[in-house]
Amino acid sequence: MSYLQRLAQVFAHEVGNELSEYTFVFPNRRAGLFFRRYLGQALDKPIFSPRVMTINECFRSLSELRVADQLTLVMRLYTLYCDLRPNPDPLEQFLHWGKMMLADFSEIDNHLVSNVEALYEAVQDIHEIDNHFLSLTDTQRNAIKKFWGDFYAAIDKNDNQLHHRFIRTWELLYPLYQGLRDSLLSDQLAYEGLLHRHVLEHWHQIPDSAFEQHYVFVGFNALTESERQLLIHLRDRGCADFYFDYEDTYLSDSVVNYIVNLIAATRQNEQILRGASPRATLATIAMAKALAQLRGRDYVLPEDIKEVFVPTITHRLLLSPKAEGAGKTAGQVLQDILAAVDAPKLN
């Protein structure tokens, strides 16, 4: 019996008819769907069901803001960019690094960075950047090359025009961050990280009615700072409990190394502008464990990793302009990585 099955049985038997007063929060939709199924199997009579949601949906339920779609965010960002730069790049060139900027802005807000302006000021001086790049090791230069793509290539080849574009882009990051934030909030819109920060910054303005239900957080790890603060605030209000699965599914060292190698390959592939982060490693492990449990095993096989890798990682990548221009999808690139990275052979 899986951890979610046991948890569903406990709440079905101990809470029963009062389950409608509970809100269960999971790291992802998949876990919530399985919990609903197990809860239905454990109940012996019809009841009003509890709310089941992801952590992002939990934040949204506590805010009047609405998360804008990706196209709206990119177009607003491009409008600001055109206002700030006299000779802006065309939209088709902006799209690729515009998406990367949005991801960075969301990450900054998710981690509640207190002084965003100082974060970007550190790289505004062109002479400081010149000196900085000259002092980097080959490993550091290669890492930055993978992240910045064409911009770094310009620096590496002493292309003064593109080098200057790189510097001007850095100079605009904070004005773009602040301008997008102000523009979205004025229309009651947000991107995911901004909504998280806004909820916490306006915590005392949330009506008490939002806390009438009891929150149950299940299976969380590797929290961002905004997620951690949300759990603390709800705990301090006395309206949240937390459940963790300590009966772990076994992963051999060779399987763990296999996952690490796959994630690392996404950051070293020329077709990928922005690869998967360390949190993607944890997500892959969690999904592989869940799949192993569903198949009645208490250990993870390389085949489990292969099955969950593409759907778990696809949305976390940003392809290079060259790859997108060639019609490649993130799923296809990840399949190529799976084919290139050797899987361990277990005894």
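These notes cover the structure that comes with them. (Residues numbered from 1 in each chain as written. Predicted model: local features only at pLDDT ≥ 70, side-chain atom pairs only at ≥ 80, totals over all residues. Heavy atoms only, no water.)

**Some details on the overall build of the protein chain**
Then step 1. Tallying secondary structure elements over the protein chain gives 17 helices and 8 strands in all.
Then step 2. The buried share among the 347 residues of the protein chain stands at 46%.
Then step 3. Pairs at least 24 residues apart make up 75% of the contacts formed inside the protein chain by residues separated by at least 6 positions.
Then step 4. Accessible surface, the protein chain as shown: approximately 18500 Å² in total, 50% of it carbon and sulfur. (Helix = DSSP H or I, 4+ residues; strand = E, 2+ residues; numbered from the N terminus. Buried < 20%, exposed > 50% of the residue type's maximum accessible area, 1.4 Å probe, protein only. Contact = heavy atoms within 4.5 Å. Areas by Shrake-Rupley, 256 points an atom, 1.4 Å probe, with all protein chains shown as cover.)

**A closer look at the packing of helix α13 (residues 253-266) against helix α17 (residues 330-340)**
Then step 1. Put simply, α13 and α17 touch, their axes get as near as 10 Å, and they point 135 degrees apart. Looking at the two axes, α13 sits oblique to α17. Crossing hand, α13 versus α17: right-handed. Side by side, α13 and α17 meet where Y258, L262, A265 and T266 of the first sit next to L334, I337 and L338 of the second.
Then step 2. Across the contact of α13 with α17, the residue classes break down as 6 nonpolar, 1 polar and no charged. (Axes fitted to C-alpha atoms, helices over the stretch in contact; angles between N-to-C directions. Parallel < 35°, antiparallel > 145°, perpendicular 65-115°, else oblique. Left-handed = near helix turned anticlockwise from the far one by under 90°. Nonpolar A, V, L, I, M, F, W, Y, C, P; charged D, E, K, R; others polar.)

**What to know about the pattern of salt bridges**
Then step 1. Scanning all chains against the criterion turns up 15 salt bridges.
Then step 2. R228 is paired through a salt bridge with E225; the nearest N and O atoms lie 2.9 Å apart. Placement of both R228 and E225 in helix α12 (residues 225-236) is noted, with a separation of 3 residues, approximately one turn of the helix.
Then step 3. Overall, the relative accessible area of 24% leaves E225 in the partly exposed class.
Then step 4. Among the ionic pairs, K328 bridges to D336, the shortest N-O distance being 3.1 Å. (Salt bridge = Lys/Arg side-chain N within 4 Å of Asp/Glu carboxyl O.)

**Concerning the environment of E303**
Then step 1. With respect to the helices and strands, the residue E303 is situated in helix α15 (residues 302-313).
Then step 2. For E303, a relative accessible area of 46% translates into the label partly exposed.
Then step 3. Measuring from C-alpha to C-alpha, the distance between E303 and A343 comes to 8.7 Å, with 40 residues separating the pair along the chain.

**Re the pairing of strand β1 (residues 22-26)**
Then step 1. Counting buried residues in β1 gives 5 out of 5 residues, a clear majority hidden from the surface.
Then step 2. Residues Y22, F24 and F26 of β1 are buried on one face, and the alternating residues T23 and V25, pointing to the opposite face, are buried as well.
Then step 3. Bridge analysis of β1 against strand β5 (residues 214-218) gives 4 bridges, and the strand direction is parallel. Along β5, the bridge assignment pairs T23 with Y215.
Then step 4. The pairing of β1 with strand β2 (residues 51-54) spans 4 bridges and is classified as parallel. Its bridge partner being in β2, V25 is matched across the sheet by M53.
Then step 5. After leaving β1, the chain enters helix α2 (residues 29-42) and then returns to the sheet as β2, a path that is right-handed. (Pairing = 2+ DSSP bridges. Right-handed = clockwise from strand over helix to strand, strands pointing away.)

**A look at the side chain of E192**
Then step 1. Checked against the element boundaries, E192 lands in helix α11 (residues 192-201).
Then step 2. In this structure E192 comes out as buried when scored by relative accessible area, which is 18%.
Then step 3. A distance of 2.7 Å separates a polar atom in the side chain of E192 from a polar atom in the side chain of R60. (Polar contact = N/O pair within 3.5 Å; in protein donor to acceptor, adjacent residues only side chain to side chain.)

**Considerations on the packing of aromatic side chains**
Then step 1. According to the stated counting rule, one finds 18 aromatic pairs in the structure shown.
Then step 2. Considering the side-chain rings of Y81 and W97, the 5.3 Å spacing of their centres and the 85 degrees angle between planes classify their relative orientation as edge-to-face. Pair noted here: Y81 is in helix α4 (residues 70-84) and W97 is in helix α5 (residues 91-110), with a separation of 16 residues, a long-range link. Neither Y81 nor W97 differs from the other in exposure class; each is buried. (Phe/Tyr/Trp six-rings, centres within 6.5 Å; stacked < 30°, edge-to-face > 60°.)

**Some thoughts on α4**
Then step 1. Helix length check: α4, at 15 residues, gives a terminal C-alpha distance of 21 Å against a target of 21 Å (1.5 Å per residue), a fit within 8%.
Then step 2. Taken together, the buried positions of α4 are L73, V74, L77, Y78, L80 and Y81. Angularly, the buried residues of α4 cover 160 degrees about the axis, an arc narrow enough to put them on a single face. The outward face of α4, more than 90 degrees from its buried face, is lined by the exposed residues L71 and D83. (Expected span 1.5 Å × (residues − 1). Arc of directions from axis to C-beta.)

**Comments concerning the sheet that holds strand β6 (residues 240-243)**
Backbone-to-backbone hydrogen bonds pair the strands of a sheet. The strands run either parallel or antiparallel.
Then step 1. Across the sheet, 4 strands lie side by side as β2-β1-β5-β6; this open sheet has parallel pairing. Each of the sheet's edge strands pairs with one partner strand only, and the pair in question is β2 and β6. Averaged over neighbouring strand pairs, the angle between their axes works out to 20 degrees when direction is ignored.
Then step 2. In this fold α12 packs onto β5 and β6, with an angle of close to 125 degrees to the strand it touches most, β6.

What is shown is where atoms sit, not what they do.
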